[in-house]
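Results of the structural survey
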Amino acid sequence: MASEEDKTITSGSPSQVSAGCSPVLVNSLTYLGTIAAFLLAYFLREFPGVPFPAVGCLVASTAEFGKWSSAGYVLMALWSFHFLRRFVEVLFVHEYNRKMPYVESVGAPVYYWGFGFWIGLSLRHDLGYVNTYLALFAVGSVLFFVGEVGNGVSHLQLRNLRNNKNNHLLFQTKSQHVVPHGLMFELVSCPHYFFEIVSWLGFTLATWALPVVLFLAASVVTLSIYSYQKHKAYRAEFDGTEGRELYPPNRKALVPFVF
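Overview of the structure. (Residues numbered from 1 in each chain as written. Predicted model: local features only at pLDDT ≥ 70, side-chain atom pairs only at ≥ 80, totals over all residues. Heavy atoms only, no water.)

Considering the nonpolar core
Formed by 39 residues in total, the largest nonpolar core has its most connected members in Leu-75, Ile-119, Leu-123, Trp-200 and Phe-203. Counting residues per element, the ones that place at least two in this core are α1 (23–43), α2 (71–92), α3 (102–122), α4 (134–163), α5 (191–207) and α6 (210–237). Tallying contributions element by element places α5 first for this core, with 8 residues. (Core = buried A, V, L, I, M, F, W, Y, C linked by side-chain atoms within 4.5 Å. Buried < 20%, exposed > 50% of the residue type's maximum accessible area, 1.4 Å probe, protein only. Helix = DSSP H or I, 4+ residues; strand = E, 2+ residues; numbered from the N terminus.)

Regarding the packing of α3 against α6
Packing of α3 against α6 leaves a shortest axis separation of 8 Å and a crossing angle of 150°. The orientation of α3 with respect to α6, classified from their angle, is roughly antiparallel. Between α3, through Tyr-111, Tyr-112, Phe-115, Trp-118, Ile-119 and Ser-122, and α6, the contact on the second element is made entirely by Leu-210, Pro-211, Val-212, Leu-214, Phe-215 and Ala-218. Looking at the contact of α3 with α6 residue by residue, the classes come out as 11 nonpolar, 1 polar and no charged. (Axes fitted to C-alpha atoms, helices over the stretch in contact; angles between N-to-C directions. Parallel < 35°, antiparallel > 145°, perpendicular 65-115°, else oblique. Contact = heavy atoms within 4.5 Å. Nonpolar A, V, L, I, M, F, W, Y, C, P; charged D, E, K, R; others polar.)

A look at α5
Three- or four-residue spacings in an α-helix give side chains the same orientation, since the helix completes a turn every 3.6 residues. Between the first and last C-alpha of α5 there are 24 Å, a value that for 17 residues agrees with the 24 Å anticipated at 1.5 Å per step. With 16 of its 17 residues buried, α5 lies for the most part within the structure. Trp-208, located one to two residues past α5, shows a positive phi value of around 50°. (Expected span 1.5 Å × (residues − 1).)

Quick word on the pattern of salt bridges
Tallying each qualifying case throughout the model produces 7 salt bridges. For Asp-126, the salt bridge identified is with Arg-45, shortest N-O distance 3.5 Å. With Asp-126 in the loop between α3 and α4 and Arg-45 in the loop between α1 and α2, this pair connects stretches of sequence that are 81 residues apart. Between Arg-251 and Glu-186 there is a salt bridge, and its shortest N-O distance comes to 3.9 Å. Of the two residues, Arg-251 sits in the segment after α6 while Glu-186 sits in the loop between α4 and α5, which places them 65 residues apart along the sequence. Overall, the relative accessible area of 2% leaves Arg-251 in the buried class. (Salt bridge = Lys/Arg side-chain N within 4 Å of Asp/Glu carboxyl O.)

Any link to function would need more than the numbers given here.
Right, here's the structure in full:
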């Protein structure tokens, strides 16, 4: 699910919030805490039994791979990589132009830490988790990294837009907003949201755990709403009148050629 670091000043910036918490601090603690919650749940011993499907695999393999316990460490690495990347981006990539409201400052950690703990718990073999099929595990892992690379590249593109608004590819308005161009931005307004979904779709295929499916569903709903709002804001501002650039009419909000 998207966080405040994705709501940059390139377009559709939210109004300033006079009271709140530092988004750098909140997001940093949120992402590091999400990794810690996963690890705590995964390694915590003497945990009481939890019934299926709260833990366990929804599409479990009947082959030998289903019992390969080291798969859990691979999934742990994927989860940790994602949130370590987001932590680094908070410090070095994203720009924040408002404080984070108090409710959001509490809600974000609760949301991520809760899911992190539940997902870590659901993947424990000693509580009944069995790996999904090798083909799904492999395809999901590859898809996850495709999403991670695409997400990171898109965030770097947005950073470059903010740092170089006189670039010949950009059109600058009095609002200081610009139309992003290049790579997936030619197809959708929010490729960083699209690739975020790709990452969690891959993780879902690799795990087939109920909390991961729910986390993916929540991300799809949230990012669909965010992307529609940003896309609508782009089209409203860049309407082709009074010297403004016309926003590409064939560009979609989130999914290329579809939505």
